[in-house]
Amino acid sequence: MNTPVIGVLALQGDVREHLIALAAADAVARPVRRPEELAEVDGLVIPGGESTTISKLAALFGMLEPLRERVRAGMPVYGTCAGLIMLADKILDPRSGQETIGGIEMIVRRNAFGRQNESFEATVDVLGVGPVEGVFIRAPWVESVGAETEVLAEHGGHIVAVRQGNALATSFHPELTGDHRMHALFVDMVRAAG
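The rules behind the values
- Numbering of residues starts from 1 in every chain and runs along the sequence as written.
- Whole-chain, interface and lining totals are the exception, using all residues; otherwise, since this is a predicted model, local features are given only for residues with pLDDT of at least 70 and side-chain atom pairs are given and counted only at 80 or more.
- Computation of side-chain values covers all heavy atoms of the structure but excludes hydrogens and water.
- Helix and strand assignments come from DSSP, with helices taken as H or I runs of at least 4 residues and strands as E runs of at least 2, each series counted from the N terminus.
- Two things to know: the radius of gyration comes from C-alpha atoms, and the globule rule equals 2.2 Å times the number of residues to the power 0.38.
- Working definition: with a 1.4 Å probe on protein chains only, accessible area under 20% of the residue-type maximum means buried, over 50% means exposed, and in between means partly exposed.
- For accessible areas, the Shrake-Rupley method is used with a probe of radius 1.4 Å. Any residue's cover is judged against the shown protein chains and nothing else.
- Positive residues here are Lys and Arg, negative ones are Asp and Glu, while His and the chain termini are left out of the count.
- To locate a charge, take atom NZ for lysine, CZ for arginine, CG for aspartate or CD for glutamate.
- UniProt positions are given in the numbering used here, feature names are shortened, and annotations may be inferred rather than shown by experiment.
- In this analysis, two residues are considered to be in contact whenever any of their non-hydrogen atoms come within 4.5 Å of each other.
- Here, nonpolar core refers to any group of buried Ala, Val, Leu, Ile, Met, Phe, Trp, Tyr and Cys residues whose side-chain atoms link them within 4.5 Å.
- What makes two strands pair is DSSP finding at least two bridges between them.
- Nitrogen and oxygen atoms within 3.5 Å of one another constitute a polar contact, given that in protein one can donate a hydrogen and the other can accept it, and given that sequence-neighbouring residues count only through two side-chain atoms.

Here the focus is the overall build of the protein chain. What the protein chain contains, in helices and strands, is 6 helices and 12 strands. Taken against the 2.2 N^0.38 rule, which gives 16 Å for 194 residues, the C-alpha radius of gyration of the protein chain at 15 Å falls within 12% of a compact globule. Along the longest, intermediate and shortest principal axes, the C-alpha atoms of the protein chain span 40 × 35 × 35 Å. Residues classed as buried in the protein chain amount to 51% of the 194 residues present. When the accessible surface of the protein chain is split by element, carbon and sulfur atoms take 47% of a total near 8200 Å². Positive and negative side-chain charges in the protein chain, numbering 17 and 25 respectively, have mean positions lying 6 Å apart.

As structure tokens, this is what we get:
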């Protein structure tokens, strides 16, 4: 699989930026809104946005169970910010009715780094990638991980990047920086899984 087809869950959030970053990392990128579109991709990015809204829209569009099934079956998936929350097996402080897809054995805290006006950028040293500029916007952090989850990066003593099997997640937004190495890592994961 030289050029994998990678979807971006296009229910809410920074979809366009991920499509651009994936294309720059040599993937065919397409938006995914319906189960039949999900069935046609080799991997999926769950973008940043508002995790509660993404959860509700995924349920409304009939996407929650198909997403869970594909992730359980080993489809490579990459979640950024709200996407990290969606891939968590447990949220420490969920909103009422908020559901996740799961797939990474971790407990996350929503908006852990503060409100919108406390957003910031910082260099994060990601295992296997090197230093990347992390854009943290109302970002979550990972409180704890299970035995199968590999910590790839920390910032300020908090876990901000993890990987478990074919699932990758970051608290920050690499798609907003013009540095496509995190997306290239994910594209390589999709190729390896294919």
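Let's shift gears to the UniProt feature "active site" (unreviewed entry) in the protein chain. According to UniProt, the "active site" (unreviewed entry) feature falls on Cys81, His173 and Glu175. Across 95 residues, the annotated set stays spatially compact, with a maximum C-alpha separation of 11.0 Å. Mapped onto the fold, Cys81 is located in the loop between strand S4 (77–80) and helix H5 (82–87). In contact with Cys81, other than residues within four places in its own chain, are Gly48, Ile137, Arg138, Ala139, Pro140, Thr170, Ser171, Phe172 and His173.

The next thing to look at is the nonpolar core. The nonpolar side chains of a soluble globular protein tend to be buried, and buried together. Leu38, Ile46, Met106 and Val108 are the most contacted members of the largest nonpolar core, which totals 32 residues. With 5 residues, H5 is the single largest residue contributor to this core. Non-local contacts of Leu38, meaning those with residues more than four positions away in its chain, are made with Val32, Leu44, Met63, Pro66, Leu67, Arg70 and Met75. Residues Ala112, Val124, Phe136 and Phe172 belong to the second largest nonpolar core, which totals 30 residues.

Moving on, we get to the pairing of strand S10 (residues 150–155). The sheet contact formed by S10 and strand S11 (residues 158–164) spans 5 bridges and is antiparallel. What sits directly across from Glu154, in S11, is Ile159. Remark: 2 residues form the turn of the hairpin made by S10 and S11, two consecutive strands paired antiparallel; Gly156 in that turn has positive phi of roughly 60°.

Glancing now at the side chain of Thr149. Turning to its location among the elements, Thr149 is positioned in the loop between strand S9 (141–145) and S10. Of the polar contacts made by the side chain of Thr149, one reaches the backbone oxygen of Glu105; its length is 2.9 Å. Every residue in contact with Thr149, bar those within four places of it in the chain, is listed here: Ile104, Glu105, Val162, Arg163 and Gln164.

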